[in-house]
Amino acid sequence: MSILTIEYLQRIGELNMKAIEIRNKYLNFFKNHGHKVIPSAPLIPENDPSVLFTTAGMQPLVPYLLGEKHPEGTRLTDYQKCLRTNDIDEVGDNRHLTYFEMLGNWSLGDYFKEESVAMSFEFLTKELGIPVEKLSVTCFAGDEDAPRDTLTAECWKKAGIPEDRIYYYGKDDNWWIAGEEGPCGPDTEMFYDTGKPACGPDCQPSCDCGKYVEIWNNVFMEYYKAKDGTYTKLKQHNVDTGLGLERMTMLLQGKETPFDTELFEPVMEKLKELAKEDSIESRRIVAEHLRASMMVISDGGRPSNIDRGYVLRKLIRRMSRHLNKLQIDLNKLGDLIDLNIEILKEMYPDLEKNKEIIKQVIIEEKDKFIKTLAHGEREFEKYINKAKEENKTVIDGQTIFRLYETYGFPPEITADLAAEQGFTIDNSEFDKLFKEHQEKSRLGSEQKFKGGLAEQNEKTISYHTATHLLHKALQIVLGEHAKQKGSNITTERLRFDFSHPEKMTQEQLKQVEDIVNEQIKRDLPVTCEEMTLEEARKTGAMGLFENKYGDKVKVYTIGDFSKEICGGPHVTHTGELGHFKIKKEESSSSGVRRIKAILE
Ligand code: SER
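In short, a report on the structure. In this text, all values refer to a predicted model and were calculated from it rather than measured experimentally.

With that settled, consider the overall build of the protein. In terms of helices and strands, the protein carries 19 helices and 18 strands. Every one of the 600 residues in the protein was classed for burial, and the buried ones make up 49%. When contacts within the protein are restricted to residue pairs at least 6 apart in sequence, those whose partners lie at least 24 apart make up 70%. Carbon and sulfur atoms provide 48% of the accessible area of the protein, an area that totals close to 28400 Å². For the protein, the distance from the average site of its 83 positive side-chain charges to the average site of its 102 negative ones is 4 Å.

Take a look at the structure:
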């Protein structure tokens, strides 16, 4: 075994590489291997309402993984700012983060497994100096959708990983896809052995006892998974890799948690100094959520009660709550932001540029939260006085939930206050109510992304298809300038706004009606295809091309009559629509006319 073990190098300070040095080494390495360095996309995805935040380096690159030409070529590398909030409640332990940086390299139909494995091996062992003995790798075991990835295993063997540290796992471990549908494929993951004792004779990389830590994931993206669960081969084979910077920094510095690295340590220390009541979990939550909120605000996010804004609100409120718990004066937030900018400005120069707005947003939100807490406390007192009169000793879940939902009053605080008054709380009932509430808001946000049709039933779906027929008919009768400006559908009628400079004549209205009814009579099939925006444009599909869509769109075709970019849903045949009748034509705004129509 080489004398240059990682422990030895750490001891002599050789491996005390800072995060930014690791980032620069990575980008340079891939640059020297023919990759173009591209900038990180913003944390808030552009043109993609279907996701709240950028969660992986590949996300902004989906159109290119699907075959669209990237202006910078077929080999790319970057660092990507990412936010993942599914584990937000786990933050505070020794590893979870919401915000993190992912280093990535991509082949867009260029190199594949051999070169990808060779480059990863070289980077880890030569550039970062990780001894081969510390590395294990995993490959896809194969199933009915894709074969066993023996080629990748061979490549690892050739590079120098002994066979007994090459593991095969199934889809759960060695297949990567963002969500339910999209480009995907088998992956190979690299694991770092922390040197901790094995938890048992079966201890393997898939085990989460902490001995093995995943450090890099190379996805061989050559499949597309459709909504119905079927896999097809993509036009090109791609490589998509992701290496978490905070984790790598922690390992190379021989630290136990990312909070012990230079990225968090000064804030952790400052919090310790300020805290009157120390709790390491609370300090981690404050440090992590502060950094994440600053990154989101710097990329344009603002707190609100829905979607992205709600996530940001939750981050700031949770942070404020834990500052309270540490008994740190909330007026210290400004200083903590300054300190964080000092730590992070070299990596993220935008933070310094946006310093004032970051401070303003966080401090305003914190002030709102303090008011909320005060309201909640008054309500709590009213309740507790009454409960004492009634000789109660337990606070029921309904009350905890009402305090939480109406006043944003956190259940932990209710529990603390309750304990002070000699009360206990009924957590199980609260948990039940909370789960129901979460489920409702999840359904709500799924609904929201269905493409503007909040209420979906046979009637509204029929009106939606009728809208496409009307749009096309208007263009035939009035000319191509008659473009959609807005649409609103209820179960009773459709309303359609379109550009046209003057009132339509009775004759034009009759022509439009006749054309629509003619297409209904023809019982045309309605079909849907997914394609890139560019492909959609080429097919001549109607749609608003100015930044309204993501890079991948659905195109609905109605027989030979109309083709339009749209999220759906639609009827399957126009014959289902019934008789179309225009009820009203009026002005909507300058240069825009409005039609109201019904199906009878
Ligand atoms: N997309 C993969 C991941 O997020 C590799 O970059 O892990």
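Further remarks concern the side chain of His 468. As for its position among the elements, His 468 is in helix α17 (residues 458-478). Excluding its chain neighbours within four sequence positions, the residues that come into contact with His 468 are Tyr 556, Ile 558, Ser 562, Glu 564, Cys 566 and His 570.

Take Ile 130: it is sitting in the loop between α4 (113-127) and β4 (135-140). In this structure, the C-alpha to C-alpha distance between Ile 130 and Tyr 556, residues 426 residues apart in sequence, is 52 Å.

In the neighbourhood of the ligand, the contacting residues comprise Ala 56, Met 58, Arg 84, Met 102, Trp 176, Asn 217, Val 219, Asp 240, Thr 241 and Gly 242. Here Arg 84 contributes a side-chain N or O atom positioned 3.4 Å from an oxygen atom of the ligand. Gly 242 has a polar backbone atom sitting 3.0 Å from an oxygen atom of the ligand. The fraction of the free accessible surface of the ligand (230 Å²) that becomes covered by protein chains is 94%. Mapped by element, the contributors of at least two residues to the shell around the ligand are β8 (212-225) and β9 (231-244). The element best represented in the shell around the ligand is β9, accounting for three residues. Broken down by class, the residue content of the shell around the ligand amounts to five nonpolar, three polar and two charged.

Another aspect to go through is the sheet that holds strand β14 (residues 526-532). The three strands lie next to each other as β14-β15-β16, forming an open sheet whose pairing is antiparallel. Either end of the sheet is taken by a strand with one partner, and the two such strands are β14 and β16 (562-565). Averaged over neighbouring strand pairs, the angle between their axes works out to 25° when direction is ignored. Judged from the seven bridges that link them, β14 and strand β15 (residues 552-558) form a sheet pairing that is antiparallel.

What the rule picks out here adds up to 36 salt bridges. Ionic pairing is found between Lys 392 and Glu 390, a salt bridge with its closest N-O pair at 3.2 Å. Under the relative-accessibility criterion, Glu 390 is labelled partly exposed at 42%. Overlapping salt bridges, with partners in common, bring together Arg 75, Asp 110 and Glu 115 in one network.

A separate point is the packing of aromatic side chains. Going through the model one piece at a time under the given rule, you end up with 22 aromatic pairs. On the basis of an interplanar angle of 55° and a centroid distance of 5.7 Å, the ring pair of Tyr 26 and Trp 216 is categorised as tilted. In this pair, Tyr 26 is assigned in helix α2 (residues 19-32) and Trp 216 in strand β8, connecting sequence segments 190 residues apart. With 6.0 Å between their ring centres and 85° between their planes, Tyr 99 and Tyr 348 make a pair best called edge-to-face. Of the two residues, Tyr 99 sits in strand β3 (residues 99-108) while Tyr 348 sits in the loop between α11 (333-344) and α12 (349-353), which places them 249 residues apart along the sequence. A network of ring pairs unites the aromatic residues Tyr 26, Phe 29, Phe 30, Phe 123 and Trp 216 as a single cluster. The aromatic ring of Tyr 79 is capped on one face by Arg 23, whose charged end is 3.5 Å from the ring centroid.

Attention now moves to the sheet that holds strand β17 (residues 580-589). The strand order β12-β13-β18-β17 describes an open sheet built from four strands, whose pairing is antiparallel. What marks the edges here is a single partner per strand, and that holds for β12 (484-489) and β17. Recorded for the sheet is a direction-independent mean angle of 20° between the axes of neighbouring strands. Here eight bridges tie β17 to strand β18 (residues 592-599), and the two strands are oriented antiparallel to one another. Residue pairing in the sheet places Ser 587 in a bridge with Arg 593 of β18.

Okay, helix α15 (residues 411-420) next. In an α-helix, one turn spans 3.6 residues, which is why side chains three or four residues apart end up on the same side. Within α15, burial applies to Pro 411, Ile 413, Thr 414, Leu 417 and Ala 418. Looking down the long axis of α15, one finds its buried residues gathered within 155° of arc, a one-sided arrangement. For α15, exposure combined with an orientation more than 90 degrees from the buried face picks out Ala 419 and Glu 420.

With that settled, the discussion passes to the packing of helix α8 (residues 265-274) against helix α9 (residues 280-298). At a closest axis distance of 10 Å, the pairing of α8 and α9 adopts a crossing angle of 130°. The angle between the axes of α8 and α9 places the two elements in the oblique class. In terms of crossing hand, the pair formed by α8 and α9 is right-handed. Across from Val 267, Met 268, Leu 271 and Lys 272 in α8, the residues of α9 making contact are Ile 280, Arg 283, Arg 284, Val 286 and Ala 287. Its residues assigned to classes, the contact of α8 with α9 comprises six nonpolar, no polar and three charged.

Conventions and cut-offs
Starting from 1, residues in each chain are numbered consecutively following that chain's sequence as written. It should be noted that, the model being predicted, local features are given only for residues of pLDDT at least 70 and side-chain atom pairs only at 80 or more, the latter also being counted only at that level, while totals for whole chains, interfaces and linings use all residues. To get the side-chain values, take all heavy atoms of the structure and skip hydrogens and water. Secondary structure elements follow DSSP: runs of H or I of four or more residues count as helices, runs of E of two or more count as strands, with numbering from the N terminus. Throughout, exposure labels follow a simple rule: accessible area from a 1.4 Å probe, protein chains only, divided by the maximum for the residue type, with under 20% read as buried, over 50% as exposed, and the rest as partly exposed. Contacts between residues were defined by any pair of non-hydrogen atoms, one from each residue, lying within 4.5 Å. All accessible areas in this document rest on Shrake-Rupley with a 1.4 Å probe, and a residue is counted as covered only by the protein chains that are shown. When charges are tallied, Lys and Arg are placed among the positive residues and Asp and Glu among the negative ones, while His and the ends of the chain are skipped. By convention, charge coordinates are those of NZ in Lys, CZ in Arg, CG in Asp, or CD in Glu. Put simply, a residue is near a molecule or strand once any heavy atom of it comes within 4 Å of that molecule or strand. Under the rule applied, a polar contact is a pair of N or O atoms within 3.5 Å (in protein, one hydrogen donor and one hydrogen acceptor; residues adjacent in sequence only if both atoms are side-chain atoms). Under the convention adopted here, Pro, Cys and the residues Ala, Val, Leu, Ile, Met, Phe, Trp and Tyr are nonpolar, Asp, Glu, Lys and Arg are charged, and Gly plus all remaining residues are polar. Strands were regarded as paired on the criterion that DSSP finds at least two bridges between them. To obtain each axis, a line is fitted to C-alpha atoms, and for helices this fit is confined to the stretch in contact; angles are then taken between N-to-C directions over 0 to 180 degrees. Whenever Lys or Arg places a side-chain nitrogen within 4 Å of a carboxyl oxygen from Asp or Glu, that contact is recorded as a salt bridge. Stacked, tilted and edge-to-face pairs are distinguished by plane angle, under 30 degrees for stacked and over 60 for edge-to-face with tilted covering the rest, among Phe, Tyr and Trp rings (Trp via its six-membered ring) whose centres lie within 6.5 Å. Criterion for a charge above a ring: Lys NZ or Arg CZ within 6 Å of the ring centre, and within 35 degrees of the ring normal. Summarising the geometry, the arc corresponds to the directions from the helix axis toward the C-beta atoms. We call two directions roughly parallel when the angle between them is under 35 degrees, roughly antiparallel when it is over 145, roughly perpendicular when it lies between 65 and 115, and oblique otherwise. Definitions for this section: a left-handed crossing has its near helix turned counterclockwise from the far helix by less than a right angle. A right-handed crossing has that turn clockwise.

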